[in-house]
Amino acid sequence: MFAYIVRRILATVPVVLLVALFVFSLLYLAPGDPAAIIAGDQASPADVDRIRESLGLDRPFLVRFFDWFFHVIGGDLGVSIFTNLPVSHMIAQRIEPTVSLMLLTLTLSLSCAIPMGVIAAWKHGTIIDRAVMMTAVFGFSTPSFVIGYLLAYLFALQLDWLPVQGFTSISVGLIPFLRNLILPATALGLVFMALIARITRATMLDVLSQDYVRTAKAKGVGQRGVLFVHALKNAAVPIVTIVGIGFATLIGGAIVTESVFAIPGLGRLTVDAILRRDYPVIQGVVLMFSFIYVLVNLGVDLLYTVFDPRIRY
Amino acid sequence: MDRRDFLKTAAAGAVSALAAPNLARAAGSSVLRFIPQANLANLDPIWTTQYVVRNGALLIWDMLYGVNEKLEPQPQMVESHDVSADFKTWTFKLRPGLKFHDGEPVRSKDVVASIARWMVRDATMGQVIKKRLDALEAVDDRVFRFRLNAPYSKMLFALGKSSTPCLFIMPERIAATDPFKQISEYVGSGPMRFMKDQWVPGAKAIFERFADYAPRAEKANWLSGGKRVNFDRIEWNIVPDGATAAAALENGEVDWWETPLPDLVPLLKKHANVAVDIADPLGNIGSFRINHLHPPFNDVRARQAIQIALSQEDYMGAVVGSDETLWKTIPGYFTPDTPLYSEVGGERLKGKRDYELAKKLLAEAGYKGEPIVLLVATDVSITKAQGDVTADLLKRIGMNVEYTALDWGTVGQRRAKKEPPAQGGWNIFHTWHAGADCVNPAPYIALNAGGDTAWFGWPKSDLVQEKIDAWYAASDLAGEKKAIDELNKAAMDHVVYVPTGFFKGYQAWRTNVSGIVKAPFPVFWDVTKT
Amino acid sequence: MSATTVPPGYTAAPVLPEILPTPKERGRIMGFINRHPTIVVGGVLVALMVLIAILAPYLGTKDPTALAPAKRTRPPSELYWFGTDMLGRDVYSRVLYGARVSLTVGFSVACCAGIIGTTIGLVSGFTRRIDAIVMRAMDGLMSIPQILLAIALMALTRASVQNVIIAISITETPRVCRLVRGVVLSLREQPYVEAAIASGTRVPVIIWKHILPNTLAPLMVQATFICASAMITEATLSFIGAGTPPIIPSWGNIMAEGRALWQVKPYIVFFPAIFLSITVLAVNLLGDGLRDALDPRLAKRL
């Protein structure tokens with residue numbers, strides 16, 4: 001098991017490297033000039049050149065890449081062009097909101113979606129099944145920013161229950177923390193909920209038709225027992241898989257949600273950085289995202305052994 | 001710990017926990033929560049010329065002179081000055097008791113170093129002074145002197161200018177930074193200290209009161225007079241989504257929003273606890289910027305065709321919206337309602353729009369349907385709205401538009417290219433100029449028509465340059481006005497650029513906040529909150 | 001024609017042409033509808049949207065890009081069925097023309113990602129040597145959040161519909177690739193495929209005869225989901241300002257432009273949102289139905 005983990009982590013190195021090189025060359029080829037943004041509207045072209053030079057943006061591609069790369073190996077993600085702050089510091093500042101948003105989204109959507117999927121599978125073919133699945137498809141088919149605006153309008157402006165925007169650290173208190181996050185997590189979670197509910201229903205249907213479930217039923221195990229103990233446990237593997245894959249979707253959705261609800265998270269940091277061509281920040285964030293993604297999927301693989309003892313590493 | 005002690009502690013804990021919200025509320029009245037116009041991504045007001053950086057810097061750093069609402073420079077850090085009759089020797093004395101946030105006094109050598117860094121980066125006035133400079137010296141700790149080799153009468157305007165980059169006074173060790181590199185320490189002598197460790201670029205910036213700040217005795221007026229801040233803490237919350245910012249203000253989560261969307265203003269006005277007013281009386285002038293180097297717009301007839309067809313009403317409707325009190329058409333280049341405003345030569349921008357005549361002029365200029373490269377920064381709403389109107393306009397006068405959607409950073413890069421449009425250059429882009437920078441030709445870099453030395457688009461007209469010099473030479477207001485009338489006509493005839501109208505913006509705040517004034521920048525002093 | 005007498009002032013009812021289904025055929029159609037209601041509902045809605053897109057110029061629309069700032073933000077009325085936007089453009093016309101862009105993006109991405117992903121998946125499933133490299137590259141692509149990758153790709157190129165399609169296709173390809181590769185790997189072990197390989201059948205023939213037919217079903221289902229998600233991604237990219245050029249009306253653009261005004265002029269966002277939701281819903285229903293109809297066991301793999 002330990003050897004497996006080590007092997008998996010080592011296997012991520014080429015992936016992360018590939019991502020790094022890919023993103024770096026992508027940005028290198030992209031037009032857009034941070035120096036022009038910094039210099040402002042009134043600057044002369046000569047001034048812009050001077051700034052570009054002082055930022056080291058006039059050096060050739062490979063020099064820049066390896067310079068950055070060796071620093072990263074040494075644990076240094078570089079310094080933002082615009083803020084002059086270390087990229088690692090900027091990322092650290094923004095991890096809490098994004099991670100909180102994602103965890104809450106996951107919790108919310110899993111705790112709604114799995115019962116929905118189970119019920120739909122249990123009542124397969126009935127009106128309940130149809131209704132649940134239609135709700136799920138609706139969640140799928142509306143852009144999350146539209147949902148976000150609707151939620152904010154309803155619960156913040158009309159009912160005045162929750163704040164419209166912002167983020168409160170959990171260190172301030174659980175209640176203010178949740179009050180700020182509940183709307184964005186719902187807006188973001190609807191898509192995810194739809195996805196998981198569908199997968200749950202599908203796998204449950206599959207599992208319910210298996211022999212051992214029929215045996216369990218025949219043995220007189222109660223309905224709830226069959227559903228939640230026997231069937232769900234076996235359906236867990238694909239559900240966990242989809243959570244792992246869906247993680248990337250979640251990050252994408254977080255970008256929009258963070259903009260709508262003014263949450264100071266990583267998604268907004270990245271979009272701002274891309275629009276301004278703040279190269280070191282983009283590099284650092286993408287590197288970190290791909291690393292997290294790989295880790296999450298490693299975690300998913302390890303969870304398999306919990307749900308399905310037949311799987312061993 | 002026995003059980004009784006434990007209970008006592010627990011009770012005390014519960015009480016303090018219950019009391020906590022009240023404490024928080026009490027502190028709340030001393031905090032001002034502000035949504036700035038844009039993200040505060042860095043804080044070097046010399047290195048970058050973004051207005052939002054200047055606005056933050058105004059809290060941290062003090063200036064030698066500050067303008068009042070008539071844009072007249074008034075002494076701020078300076079106690080007195082002395083100028084020789086030939087306007088070549090300028091001597092200044094700092095007022096006593098000025099201190100930086102690190103406790104060090106402000107000395108002449110700090111001022112000299114700050115001026116040296118600023119001069120390199122200020123194209124409109126700093127570089128003019130630098131060219132004439134024989135020596136800039138610290139006479140003693142409170143006195144410094146300029147010795148020039150040519151007269152310069154606008155020295156006080158230069159030291160107190162509010163257009164970017166402003167002359168902020170920094171400690172010598174910070175001001176010694178290469179002007180093209182960013183400073184990393186934000187220590188000033190202004191009324192507020194910047195809390196760098198609490199700064200989350202793109203989300204939040206915190207300023208706290210500087211206890212040792214010694215405001216001037218006079219009443220504050222824009223950047224002049226005593227800068228008395230009534231808050232222990234000013235929080236800048238960056239809210240990227242306009243709709244969300246409006247909702248936050250309605251919900252009382254922020255106190256003051258610098259730039260509400262005009263379309264949302266009717267909604268905010270209906271709200272009992274929100275007040276709305278014009279933000280900046282000097283407003284902005286929209287710009288249709290033409291590249292003079294390439295056909296068809298290297299022919300003046302093609303440029304005039306744009307003037308004849310362009311409807312400022314359309315642009316202003318798209319940029320600001322239906323609220324007609326916010327904008328006006330201007331057949332001129334200078335800020336309306338300021339002394340030098342002129343409409344001479346602006347006839348082509350008035351009256352009914354004539355697409356047929358425009359088409360005819362374009363044909364005369366030799367236009368045969370070549371693609372016109374229009375750069376549009378779609379992430380900035382003012383430029384995007386103008387770009388959309390222009391695309392429609394060009395189509396109406398039979399031009400073949402290549403609408404190039406970019407972000408502002410890329411427009412900034414692309415517009416510097418002089419190559420033909422087909423080879424990565426451009427024909428048209430849009431921007432806007434702050435009205436405060438368009439009151440006279442000195443800070444008005446966009447009106448310069450010096451060819452290679454002109455701003456992007458590189459218009460070249462000796463007549464325009466001659467008239468600008470005539471304004472500098474004018475000795476009284478009448479003379480200045482005459483020069484400006486002729487300049488306006490020359491620039492209109494040559495079509496240096498096409499103004500798309502004059503527009504103002506709103507600002508909005510909670511009604512429990514008072515003392516917010518109209519200015520081209522947010523003025524935090526004398527604002528109170530109950 | 002028979003000699004039925006017709007009262008004066010009336011004309012004889014025309015005899016119905018023989019195009020309506022015979023009772024037997026009708027029974028078969030009704031049976032299909034009963035068995036696969038989702039396919040029918042989804043299919044009809046998708047067809048309707050396609051029709052709207054094609055017929056946009058004939059459905060009472062005006063030029064969707066014609067500005068009229070003097071008539072901006074008018075609420076829905078007889079003259080402007082869905083109102084006008086911030087630049088006075090007719091939202092109804094924009095939404096109808098927007099169907100063209102959004103559907104084009106959805107269908108093109110599904111096709112591009114489907115074809116490229118299938119090719120890569122087939123090749124890597126059949127060639128052990130490059131399999132590892134290709135799959136690592138695909139892992140790498142998948143580990144970059146889709147939206148981020150699309151934004152970066154859009155920053156790289158000029159905004160155009162074509163580039164939006166390319167950017168979204170690149171991000172969707174790894175999913176297809178993995179799916180196809182998985183099918184190939186499982187089929188390779190099947191006795192009949194092993195037999196074909198052993199008997200020296202050439203790989204292209206094996207792919208054509210044995211593999212492709214078996215991938216088609218999961219692929220079609222996957223394609224419908226990609227189509228739906230591409231339309232949402234297009235809207236999201238427009239929201240961020242990195243999508244279809246603003247001058248081209250797409251549902252995403254209309255919503256992105258109108259979103260700041262949702263509190264005061266909700267209809268600018270509302271109408272394109274409804275159209276987008278219905279279309280995505282329809283495409284998803286179609287996909288669900290296809291999955292159930294083609295292979296009920298597929299549900300597990302998707």
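Preceding this section is the structure that the text describes.
On a predicted model such as this, the values are computed, not experimentally measured, just so you know.

Take the interface of chain B and chain A next. Across the contact, 46 residues belong to chain B and 43 residues belong to chain A. Interface of chain B and chain A: buried area, both sides summed, is about 3700 Å²; carbon and sulfur atoms make up 50% of it. Here chain B and chain A share zero salt bridges between them. Elements supplying a minimum of two residues to the side of chain B that touches chain A: helix 7 (242–250), helix 13 (408–414) and strand 17 (428–434) of chain B. Looking at the side of chain B that touches chain A, its residues break down into 21 nonpolar, 15 polar and 10 charged.

Of the residues lining the interface, 25 residues belong to chain B; the matching set on chain C comes to 24 residues. When chain B packs against chain C, close to 2000 Å² is buried across both sides, 58% of that on carbon and sulfur atoms. It is B:Ala243, B:Asp263 and B:Tyr403 in chain B that bury the most area against chain C; as a group they hold 22% of the surface buried on that side. In this structure, the connection of chain B to chain C is made through two salt bridges. Between B:Lys384 and C:Glu257 there is a salt bridge; the shortest N-O distance is 2.6 Å. Counting across the chain B and chain C interface gives four residue pairs in polar contact (both at pLDDT 80 or more). Among the elements of the structure, helix 7, helix 10 (312–319), helix 12 (381–396) and strand 16 (400–406) of chain B are those that each provide at least two residues to the side of chain B that touches chain C. Among the elements that take part in the side of chain B that touches chain C, helix 12 of chain B stands out by supplying seven residues, more than any other.

Bringing the packing of helix 2 (residues 37–55) of chain C against helix 3 (residues 91–126) of chain C into the picture now. All names here are of chain C. Running from amino to carboxyl end, helix 2 crosses helix 3 at an angle of 120°, the nearest separation of the two axes being 7 Å. Taken together, the axes of helix 2 and helix 3 are oblique relative to one another. Where helix 2 crosses over helix 3, the handedness of that crossing is left-handed. Listed contacts from helix 3 to Val-46, Met-49, Val-50, Ile-52, Ala-53 and Ile-54 of helix 2 are Leu-96, Ala-99, Arg-100, Leu-103 and Phe-107. Split into classes, the residues belonging to the contact of helix 2 with helix 3 amount to 10 nonpolar, no polar and one charged.

Here we come to the packing of aromatic side chains. All names here are of chain B. Within this structure, the stated rule accounts for 35 aromatic pairs over all chains. Cluster of aromatic residues (ring-pair linked, three or more members): Phe-34, Tyr-186, Phe-194, Trp-199, Phe-207, Trp-236, Trp-256 and Phe-524. Over the ring of Trp-471 we find Lys-154; its NZ or CZ atom is 5.0 Å from the centre of that ring.

Applying the stated criterion across every chain, the model contains zero disulfides over all chains. Here C:Cys111 is not disulfide-linked; the sulfur of C:Cys112 is the nearest cysteine sulfur, at 6.8 Å.

About the thresholds
Residues numbered from 1 in each chain as written. Chains lettered and ligands numbered in written order. Predicted model: local features only at pLDDT ≥ 70, side-chain atom pairs only at ≥ 80, totals over all residues. Heavy atoms only, no water. Contact = heavy atoms within 4.5 Å. Buried area = accessible area lost by both parts, 1.4 Å probe. Salt bridge = Lys/Arg side-chain N within 4 Å of Asp/Glu carboxyl O. Helix = DSSP H or I, 4+ residues; strand = E, 2+ residues; numbered from the N terminus. Nonpolar A, V, L, I, M, F, W, Y, C, P; charged D, E, K, R; others polar. Polar contact = N/O pair within 3.5 Å; in protein donor to acceptor, adjacent residues only side chain to side chain. Axes fitted to C-alpha atoms, helices over the stretch in contact; angles between N-to-C directions. Parallel < 35°, antiparallel > 145°, perpendicular 65-115°, else oblique. Left-handed = near helix turned anticlockwise from the far one by under 90°. Phe/Tyr/Trp six-rings, centres within 6.5 Å; stacked < 30°, edge-to-face > 60°. Lys NZ or Arg CZ within 6 Å of the ring centre and 35° of its normal. Disulfide = S-S within 2.5 Å.

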